[in-house]
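What follows is the residue order along each chain.
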Amino acid sequence: MNAQGERYRFDPGSLSLELMLTGGPGPYERYEIAHTPSGLAEWFTGSRLALTAPLTDVRIRPSELAALKELRDALYRVAPALARGEAPSEEDLVLLNDATAATPRPVIDPETRRLTWAPPVTGKQLLGAVARDAIGLVAGERSGRVRECSADDCHLLFFDTSRSGNRRWCSMERCGNRAKIRAYRARAETA
Ligand SMILES: [Zn+2]
């Protein structure tokens, strides 16, 4: 929901960029939802990680919550840099690299033969999943696709999964349609 109370769908396209929606440093503190380990654990059960396989048993320790928030702070420096086509700082890259030691382990339930994450999924594993995703945005075949919404007053960042690589808006409902309406009005006025 935005400041005007409108609901819209925003898919940032990547787990690390999605985590940035849970709050952040400075002006983003007012969006904070990760006040407690369980608060962030619950958020993960609805994140895109749960689209791959359900997250049923997530356990985040207080120290892991702090580490996840530290990583999230780093993403607020790394992701905007990527969107501007700049290189992230060496310090932040070290932080990302150091966080990848563990990740949620996929297992197949022998009875249902469906994919699950081996329980419990720990805060350290979640840290690793987010860091690996972020590393994939910095280098490799997924790099060069972090964008900032084209609206002047919107700073939402997303991973552009469009085939053409020219997604411009955080969401059509929010910024895309507003821009279209403005363009239409401008044309109508000059006509
Ligand atoms: Zn936008």
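Relevant structure appears above.
Model, not experiment: these values are computed from the prediction.

A. Molecular detail of the pattern of salt bridges. Evaluated as defined, the whole model comprises eight salt bridges. The salt bridge involving Arg48 is made with Asp11; its shortest N-O contact spans 2.8 Å. Of this pair, Arg48 sits in the loop between helix H2 (37-45) and helix H3 (49-52) while Asp11 sits in the segment before helix H1 (15-19), placing them 37 residues apart in sequence. Note that Asp92 is salt-bridged to Arg77, the shortest N-O span being 2.8 Å. Residue Asp92 is found in helix H5 (residues 90-98), and its partner Arg77 is found in helix H4 (residues 62-83); the two are separated by 15 residues along the sequence. With a relative accessible area of 5%, Asp92 lands in the buried category.

B. Region of interest: the packing of aromatic side chains. On inspection of all chains with the given rule, the structure shows two aromatic pairs. It is Arg142 that lies over the ring of Phe159; its NZ or CZ is 4.7 Å from the centre. Geometry around Phe158 places Arg167 over its ring, the cationic atom sitting 4.0 Å from the centre.

C. Expanded view of the coordination of the zinc ion. Protein-derived coordination of the zinc ion comes from Cys149 (SG), Cys154 (SG), Cys170 (SG) and Cys175 (SG), at a distance range of 2.3 to 2.4 Å. One way to put it: the four donor atoms around the zinc ion meet at angles of 103 to 116 degrees, and that makes the site tetrahedral. Within one chain, the residues donating to the zinc ion are spaced in sequence as C-x4-C-x15-C-x4-C. Separated by 26 residues along the polypeptide, Cys149 in the loop between strand S5 (146-148) and strand S6 (157-159) and Cys175 in helix H7 (residues 172-190) bring together distant segments of the chain. For the pair formed by Cys149 and Cys175, the shared burial category is buried.

D. Summary view of unusual backbone geometry. Going from Pro119 to Pro120, the amide bond is cis rather than trans, its omega being -10 degrees. Within the secondary structure layout, Pro120 lies in the loop between strand S3 (115-117) and strand S4 (121-122). At Arg113, a residue that is not glycine, the phi angle is positive and equals roughly 60 degrees. Within the element layout of this structure, Arg113 appears in the loop between strand S2 (106-108) and S3.

E. Local environment of the environment of Tyr28. Within the secondary structure, Tyr28 sits in the loop between H1 and H2. As a C-alpha pair, Tyr28 and Ser164 span 136 residues in sequence and 31 Å in three-dimensional space. With sequence-adjacent residues up to four places away left out, Tyr28 is seen in contact with Gly23 and Tyr76.

Conventions we followed
Residues numbered from 1 in each chain as written. Predicted model: local features only at pLDDT ≥ 70, side-chain atom pairs only at ≥ 80, totals over all residues. Heavy atoms only, no water. Salt bridge = Lys/Arg side-chain N within 4 Å of Asp/Glu carboxyl O. Helix = DSSP H or I, 4+ residues; strand = E, 2+ residues; numbered from the N terminus. Buried < 20%, exposed > 50% of the residue type's maximum accessible area, 1.4 Å probe, protein only. Phe/Tyr/Trp six-rings, centres within 6.5 Å; stacked < 30°, edge-to-face > 60°. Lys NZ or Arg CZ within 6 Å of the ring centre and 35° of its normal. Donors = N, O, S within 2.8 Å, 3.2 Å for Na, K, Ca; no water. Tetrahedral: all angles 85-135°; square planar, octahedral: opposite > 155°, others 65-115°. Contact = heavy atoms within 4.5 Å.

These results come straight from atomic positions and should not be treated as a statement about function.
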